[in-house]
Amino acid sequence: MTGAGEIGTAEAHAKVNLRLRVFARDETGFHGVETVLARTSLSDTVTLSAAESDGAGRGVTLSVDGPLAEGVPDGPDNLCRQAAERFLARAFGKRGRPAVHIRLTKRIPMGSGLGGGSADAGATLRLLAARWPRLETRELVELAGEIGSDVPFALLGVPMALGWERGRRLLPLRPPRPRPALLVCPPIHVSTPEAYDWLGRTDEDAGAASVLPGATRLAEWDSLERLARNDLEAPVLARHPELSELLARLRSCDPALAAMTGSGSTLFAIFRDEPARARARQTLAAPARARARQTLAAPARPEAPQILDVSLPV
């Protein structure tokens, strides 16, 4: 198919979980959660264009490019493609459905806990809803929740929000002033379902109630730093000692806050000023030469984590 006119372009921002509490499973078998989500300056780009029919019927096509395009699915498993197909089906039914082409430019590491696929889906829904405003906000949020738990946050396009019930209940928050941060993305894939299963087999508390301050206090970094917690961090780090070591190094750089986001494997650190971040980046990038000297024939060094400068919330 060839493009017949651009519908629009949107940035799809990665997120971090400043807080992630995991509670007991509900009747559907899913854990309840309470999370504070913050949008980062790292983003993919989603561009939608009207497409011409190739004679085989109208539908959704997708192309992927960008520095991290390798390995990103362009078929039915891609979340922004799922978002477009679900939206068009609900908005138009079986007749009169337009054809669209999605161009996805990937910069967010895949499978890293940064919600890249969800961000892409949310940006896709925003563009489609702006072009064809046929669904109410409630219907859009419901549709987003069917695709993934982080998609409703990405759909709203707000800098920060408090979320419950697999992300389907959201309270947008007035954010604090953005701060410099580092994202540390190791070449380790952590399965989200496995991470939740690991939590169920540890001593971590998955059923206690949680008490949060009012929304006004959540706009203050002091409050957010005290509230920082990720219930999935301990079980994931216990099974990936290299992540535990990396987080310890990150915390030794004197950040205001350092933690794992989502089910990992990305770690993040927030700093009070730019010089503090620059010092931390230099420390993390220093090669570990001491280990190589421990043996005459040192094993090949594992791939180094990707370290990204970002700001948040934006």
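Residues numbered from 1 in each chain as written. Predicted model: local features only at pLDDT ≥ 70, side-chain atom pairs only at ≥ 80, totals over all residues. Heavy atoms only, no water.

Student: Help me understand helix α2 (residues 116-131), please; the structure alone is not making it clear to me.
Tutor: One turn of an α-helix holds 3.6 residues; hence residues three or four places apart share an orientation. With 16 residues, α2 should reach 22 Å at 1.5 Å per residue; the first-to-last C-alpha distance of 23 Å fits that figure. Most of α2 sits inside the fold, with twelve of its 16 residues counted as buried. (Helix = DSSP H or I, 4+ residues; strand = E, 2+ residues; numbered from the N terminus. Expected span 1.5 Å × (residues − 1). Buried < 20%, exposed > 50% of the residue type's maximum accessible area, 1.4 Å probe, protein only.)

Student: Help me understand the environment of arginine 249, please; the structure alone is not making it clear to me.
Tutor: Along the chain, the position of arginine 249 falls in helix α8 (residues 241-251). On a C-alpha basis, the gap between arginine 249 and alanine 280 in space is 9.3 Å, while along the polypeptide they are 31 residues apart. Setting aside chain neighbours within four positions, we find arginine 249 in contact with Thr283, Leu284 and Ala286. (Contact = heavy atoms within 4.5 Å.)

Student: What am I meant to see in unusual backbone geometry here?
Tutor: Glycine aside, residues mostly have negative phi, and peptide bonds are mostly found in the trans state. Cis geometry marks the peptide bond from glycine 264 to serine 265, where omega comes out at 10 degrees. Its place among the elements puts serine 265 in the loop between β9 (257-260) and β10 (267-270). Geometrically, the link from leucine 312 to proline 313 is a cis peptide bond, its omega value of -10 degrees lying close to zero. Among the secondary structure elements, proline 313 is positioned in the segment after β11 (306-312). Look at aspartate 254: it is not a glycine, yet its phi comes out positive at around 60 degrees. Structurally, aspartate 254 can be placed in the loop between α8 and β9. In this structure aspartate 254 comes out as exposed when scored by relative accessible area, which is 58%.

Student: Explanation requested: the packing of aromatic side chains in the structure shown.
Tutor: Aromatic ring pairs are reported here in terms of the distance separating the ring centres and the angle at which the planes meet. Across all of its chains, the model carries one aromatic pair by this definition. The cationic tip of arginine 169 hangs over the ring face of tryptophan 164; the distance from NZ or CZ to the ring centre is 4.9 Å. (Phe/Tyr/Trp six-rings, centres within 6.5 Å; stacked < 30°, edge-to-face > 60°. Lys NZ or Arg CZ within 6 Å of the ring centre and 35° of its normal.)

Student: For this particular structure, what's the right way to read the sheet that holds β10?
Tutor: By way of backbone hydrogen bonds, the strands of a sheet pair with one another, either parallel or antiparallel. The strand order across the open sheet built from four strands is β9-β10-β7-β11, with neighbouring strands paired in antiparallel fashion. Across the chains shown, the open sheet's two edge strands, defined by having one partner strand only, are β9 and β11. Each strand axis lies, on average, 20 degrees off the axis of its neighbour in the sheet, ignoring direction. Across seven bridges, the pairing between strand β7 (residues 179-185) and β11 is antiparallel. Opposite leucine 182, over in β11, you have aspartate 309 as the bridge partner. Its contacts with the sheet put α8 on β7, β9 and β10, and the angle it makes with β10 is roughly 10 degrees. Lying on the sheet, helix α9 (residues 274-285) is in contact with β7 and β11; it crosses β7 at an angle near 15 degrees. (Pairing = 2+ DSSP bridges. Axes fitted to C-alpha atoms, helices over the stretch in contact; angles between N-to-C directions.)

Student: Where do I start with the pairing of strand β5 (residues 160-164) in this structure?
Tutor: On a regular strand, each side chain points to the face opposite its neighbour's, so the side chains alternate between the two faces of the sheet. Within β5, four of the five residues are buried, which leaves it mostly tucked inside the rest of the structure. With five bridges joining them, strand β2 (residues 31-51) and β5 adopt antiparallel strand pairing. Its bridge partner lying in β5, threonine 35 is registered against glycine 163.

Student: Is there a simple way to think about the pairing of strand β4 (residues 100-105) in this case?
Tutor: In the sheet, β2 pairs with β4 via six bridges, with the strands oriented antiparallel. Among the inter-strand pairings, leucine 48 is bridged to a residue of β4, identified as isoleucine 102. Once you follow strand β3 (residues 60-65) into helix α1 (residues 79-92) and on to β4, the crossover reads as left-handed. (Right-handed = clockwise from strand over helix to strand, strands pointing away.)

Student: In this structure, what is going on with the confidence of the model for the protein chain? I would like to understand it.
Tutor: Low-pLDDT portions of the prediction should not be read for the details of their coordinates. Of all residues in the protein chain, 87% have pLDDT values of 70 or greater, and the mean over the chain is 88. Under a pLDDT of 50 for its full length, residues 201-207 has, in the predicted model, 17 contacts with residues more than four places off or in other chains. Under a pLDDT of 50 for its full length, residues 288-297 has, in the predicted model, three contacts with residues more than four places off or in other chains. (pLDDT = per-residue confidence, 0-100.)

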